[in-house]
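Each chain, written out:
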Amino acid sequence: MKKVHITTLGCSKNLVDSEVLQGQLEAHEFQVIDSPEASDLLIVNTCGFIEKAKEESIQAIFEALELKKQDPAKKVFVTGCLSERYRDDIVREIPEVDAIFGTEEYRAILNALGKKHMAEDNLSRLRRVTTPRHYAYMKISEGCNHTCAFCAIPGIRGKHRSRPMEELLAEAQRLADGGARELILISQDTSYYGKDLYGKQRIAELLRGLEKIDGLRWIRVLYWYPTNFPLEALEVMRESDKVLAYLDMPIQHVSDRMLRRMRRGDTLQSLERLYDKIRHTVPEITLRTTLIVGHPGETNADFRAMCDFVRRFEFDRLGTFTYSDEEGTPAFSQDEKIDPALAEERQAEIMEIQKEISLRKNQNLINSEQIVLLDEYDINTGYYSGRTYRDAPEIDNEVLIPQNSATARPGDFVRVTVEDAAEYELFGVIKNR
Ligand code: SF4
């Protein structure tokens, strides 16, 4: 049986693509293994979004080729966003690669292996989930109809395509049957779900359907877009026991001048009005956002406005990226580019402000009781790490719990008394179970 190793770069959407591919390969009796050295075929599922990610992907390709140099019988396939965006460049500049595929080219990959893909109707039916058993991502759509000036994704992933609701409900049931207790909905633009397929936004309806699925305890939604935000989804968050009061909505900036240059379609006033509605409708909401600093045209005054807003608004969770100059995006041809070193200074300053806010919010939770989903146990430290409803995997805070406080396993929901806090961690003990 041929052995295959898949390296996945980039975001959770790319991870789901690798999982769908793994399911197809296993259905054709390929063995997908963790060791690239022991593999006959090395597949690198790349990210091509921003400079740093592109460098990491190219590095991963060369690491695979290095193994091929040591054993010429090995094959190296490249797929994903980098090859979707730079296919011809890779063919020209890295001829050692055996085959190159764009995004979602599962059929072509299997054909290149002399196989015909299975699950003609629904590729995700054979998906092999690779996250810890108790949580799983579900991609509800592909592509994006927005044209944010700095973003290469619409050029890579194409227009917005919602997946049919029945297909999603069936997949969610399979994921729950497979052990998922937390289901995390992902896309490029969750607010738009259904508009292309049904002529109207149907994310609230999808959430109502998902909450009926036995076995799921937490339903978390990522990547909301502020413009035309489906307010009916807030009712679901307020009323549901399963749909978490957690809202991840990148806003990228708060200066009207910059929001125009970024082609975001929002203003500070429209964002504040929306946030007021959100906090009013769902008082216990956890708000996450991401900001971009150093976008062409960003003045010191624009940046100061961002600092003031972050200080005043107090997001629960915040990520900040420096602008990446991506050819083929509208911003690439804008003037007034910002020195990358200055952009990094601005990123550091925003995260310093956020660190204080995060510490204070975490300290307010000391002596409180929290429901925590345990993600893993570290045998070296003797500590569990887990998350509250306020924390998505990999990107948010974690709760650290000594094992001696009670026996539990990853995937368990436990009651934790918070005893201490740091900027991005809570420390606590499991209450008697
Ligand atoms: S919403 Fe904007 S930033 Fe997000 S994927 Fe679409 S174009 Fe890119």
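Now for a description of the structure that goes with this document. Because the structure is a prediction, the values reported are computed rather than measured.

## What to know about the site of the ligand
And step 1. Looking at the ligand, the residues that line it are Cys144, His146, Cys148, Phe150, Cys151, Ile153, Pro154, Gln188, Tyr225 and Arg264.
And step 2. Grouping the amino acids of the shell around the ligand by side-chain chemistry returns seven nonpolar, two polar and one charged.

## Looking at the sheet that holds strand β13 (residues 317–322)
And step 1. Pairing in this open sheet of three strands is parallel, and the strands run β11-β12-β13 from one edge to the other. Each edge of the open sheet is held by one strand with a lone partner, namely β11 (246–248) and β13. Sheet twist, expressed as the mean angle between neighbouring strand axes with direction ignored, is 15 degrees.
And step 2. Of the strand pairs in this sheet, strand β12 (residues 286–293) and β13 are connected by six bridges, and their pairing is parallel. Residue pairing in the sheet places Thr290 in a bridge with Gly319 of β13.
And step 3. Of the strands in this sheet, β12 and β13 touch helix α12 (residues 300–313), which is tilted by about 170 degrees from β12.

## Examining helix α3 (residues 81–93)
And step 1. Between the first and last C-alpha of α3 there are 17 Å, a value that for 13 residues agrees with the 18 Å anticipated at 1.5 Å per step.
And step 2. At Arg87, α3 shows its strongest bend, of approximately 85 degrees.
And step 3. Regarding α3, the residues found buried are Cys81, Leu82, Ser83, Tyr86 and Ile90.
And step 4. Lining the buried residues of α3 we find β3 (41–46), α2 (51–70), β4 (75–80), β5 (99–100) and α5 (153–157).

## Focus on the sheet that holds β3
And step 1. Pairing in this open sheet of five strands is parallel, and the strands run β2-β1-β3-β4-β5 from one edge to the other. The open sheet has two edge strands with one neighbour each: β2 (31–32) and β5.
And step 2. Summarising the sheet, strand β1 (residues 3–8) and β2 pair through two bridges and their orientation is parallel. The partner of Val4 across the bridge, within β2, is Val32.
And step 3. Taken strand by strand, α3 contacts β3, β4 and β5, and its axis lies near 125 degrees from that of β4.

## Quick look at the packing of helix α9 (residues 232–239) against helix α11 (residues 268–281)
And step 1. The contact between α9 and α11 brings their axes to 9 Å, and the two run at 25 degrees. In this view, α9 runs roughly parallel relative to α11, as classed from their interaxial angle. Seen from above, α9 lies across α11 with right-handed handedness. Of α11, the residues touching α9 (which contributes Leu234, Glu235 and Arg238) are Lys277, Ile278 and Thr281.
And step 2. Residue composition of the contact of α9 with α11, by class: two nonpolar, one polar and three charged.

## A look at the pairing of β12
And step 1. Of all eight residues in β12, eight are buried, a share of seventy percent or more.
And step 2. Across the two faces of β12 the burial is the same, with Thr286, Arg288, Thr290 and Ile292 and Leu287, Thr289, Leu291 and Val293 all buried.
And step 3. Here β11 runs beside β12; their pairing, made up of three bridges, is parallel. Counted as the bridge partner of Leu247 is Leu287 from β12.

## A short note on the side chain of Glu142
And step 1. Among the structural elements, Glu142 can be located in strand β7 (residues 141–142).
And step 2. The exposure class assigned to Glu142 is buried, which follows from its relative accessible area of 5%.
And step 3. Side-chain polar atoms of Glu142 contact the side chain of Lys139, separated by 2.6 Å.
And step 4. Within polar-contact distance, the side chain of Glu142 engages the side chain of Arg157 at 3.0 Å.
And step 5. When neighbours within four sequence positions are excluded, Glu142 is seen to be in contact with Glu104, Arg157, Lys159, His160, Arg161 and Gln188.

## Considerations on the environment of Asn45
And step 1. Secondary-structure assignment places Asn45 in strand β3.
And step 2. In sequence terms Asn45 and Glu55 are ten residues apart; their C-alpha atoms lie 13 Å from each other.
And step 3. Here Asn45 is in contact with Thr7, Thr8, Leu9, Asn14, Asp17, Ser18, Thr79 and Gly80, once residues within four sequence places are set aside.
And step 4. Looking at Asn45, its side chain comes within polar contact range of the main-chain oxygen of Asn14, at 3.1 Å.

## Quick notes on the packing of aromatic side chains
Each aromatic ring pair is summarised here by two numbers: the centre-to-centre distance and the angle between the ring planes.
And step 1. Within the structure shown, the criterion is met by ten aromatic pairs.
And step 2. Aromatic pair Tyr377 and Tyr384: ring centres 5.1 Å apart, planes at 55 degrees, arrangement tilted.
And step 3. Using a relative accessible area of 32% as the deciding quantity, one classes Tyr377 as partly exposed.
And step 4. Connected via pairs of aromatic rings, a cluster forms that spans Tyr275, Phe309, Phe313 and Phe315.
And step 5. A cation over a ring is seen here: Arg279 above Phe313, with NZ or CZ 4.0 Å from the ring centre.
And step 6. In this structure, Lys337 is placed above the aromatic ring of Phe332, and the distance from its NZ or CZ to the ring centre is 5.2 Å.

## Observations regarding the pattern of salt bridges
And step 1. As enumerated under the stated definition, the model contains 42 salt bridges in all.
And step 2. Glu352 serves as the salt-bridge partner of Lys355, at 3.6 Å between the closest nitrogen and oxygen. With a gap of three residues between them, Lys355 and Glu352 both fall in helix α13 (residues 340–363), about one helical turn apart.
And step 3. By relative accessible area, which is 31% here, Lys355 ends up partly exposed.
And step 4. Classification of Glu352 by relative accessible area gives partly exposed; the value is 43%.
And step 5. When the shortest N-O distance is used, the salt bridge between Lys431 and Glu369 registers 3.0 Å. Linking Lys431 in the segment after β18 (425–430) with Glu369 in strand β14 (residues 369–378), this pair joins segments that are 62 residues apart in sequence.

Rules used in this analysis
- Residues numbered from 1 in each chain as written.
- Predicted model: local features only at pLDDT ≥ 70, side-chain atom pairs only at ≥ 80, totals over all residues.
- Heavy atoms only, no water.
- Near = heavy atom within 4 Å.
- Nonpolar A, V, L, I, M, F, W, Y, C, P; charged D, E, K, R; others polar.
- Pairing = 2+ DSSP bridges.
- Helix = DSSP H or I, 4+ residues; strand = E, 2+ residues; numbered from the N terminus.
- Axes fitted to C-alpha atoms, helices over the stretch in contact; angles between N-to-C directions.
- Contact = heavy atoms within 4.5 Å.
- Expected span 1.5 Å × (residues − 1).
- Bend = angle between axes of the 7 residues up to and from the residue.
- Buried < 20%, exposed > 50% of the residue type's maximum accessible area, 1.4 Å probe, protein only.
- Parallel < 35°, antiparallel > 145°, perpendicular 65-115°, else oblique.
- Left-handed = near helix turned anticlockwise from the far one by under 90°.
- Polar contact = N/O pair within 3.5 Å; in protein donor to acceptor, adjacent residues only side chain to side chain.
- Phe/Tyr/Trp six-rings, centres within 6.5 Å; stacked < 30°, edge-to-face > 60°.
- Lys NZ or Arg CZ within 6 Å of the ring centre and 35° of its normal.
- Salt bridge = Lys/Arg side-chain N within 4 Å of Asp/Glu carboxyl O.

By themselves these figures say nothing about function.
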